[in-house]
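Examining the three-dimensional arrangement
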Amino acid sequence: MSVMRRVFVTGKVQNVGYRAWAIRRAQALHLAGWVRNLKDGRVEILVAGDETAVETLVEECRTGPEFAQIGTVIAEIATDPVPKGFTKRLTA
């Protein structure tokens, strides 16, 4: 079953390679969506695909890349149009 989640990650998640890590993991899991930094210091991820793969990525966001220090990870149901591929977006 296909699902979509909007994920917000807090902590030390900018300038530590979090977006590049998220892209690699999402592509490895064959997921669609995007990742971007937010001006308030969070990272936002929109992810769509197989339910098990989406939940795997959400759980992996709780650890992130080596130099990240994760505060919280909040995943919400999303209903955005499903993008093709998985990309990095500009800061919002």
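Here the structure is shown first, and the text comes after it.
One structure accompanies this document, and this report is about it. Keep in mind it's a predicted model, so treat the numbers as computed, not measured. (Residues numbered from 1 in each chain as written. Predicted model: local features only at pLDDT ≥ 70, side-chain atom pairs only at ≥ 80, totals over all residues. Heavy atoms only, no water.)

A short note on the overall build of the chain
The helix and strand tally for the chain stands at two helices and five strands. Mapped in sequence order, the helices and strands of the chain form the string β-α-β-β-α-β-β. Taken across its 92 residues, the chain has 46% of its residues classed as buried. On the chain, the mean spot of the 13 positive side-chain charges and the mean spot of the 10 negative ones are 9 Å from each other. (Helix = DSSP H or I, 4+ residues; strand = E, 2+ residues; numbered from the N terminus. Buried < 20%, exposed > 50% of the residue type's maximum accessible area, 1.4 Å probe, protein only. Lys, Arg positive; Asp, Glu negative; His and termini not counted. Charge placed at Lys NZ, Arg CZ, Asp CG, Glu CD.)

Structural notes on the nonpolar core
One finds Val9, Tyr18, Leu31, Ile45, Val47 and Cys61 to be the most contacted residues of the largest nonpolar core, which totals 24 residues. Those elements that place two or more of their residues in this core are β1 (2-12), α1 (18-28), β3 (43-50) and α2 (51-60). Among the elements that line this core, the one with the most residues is α1, at five residues. Discounting residues that sit within four places of it in the chain, Cys61 has contacts with Val9, Tyr18, Trp21, Ile45, Ile70 and Val73. By size, the runner-up hydrophobic cluster in this structure holds five residues, among which are Met4, Trp34, Leu46 and Ala48. (Core = buried A, V, L, I, M, F, W, Y, C linked by side-chain atoms within 4.5 Å. Contact = heavy atoms within 4.5 Å.)

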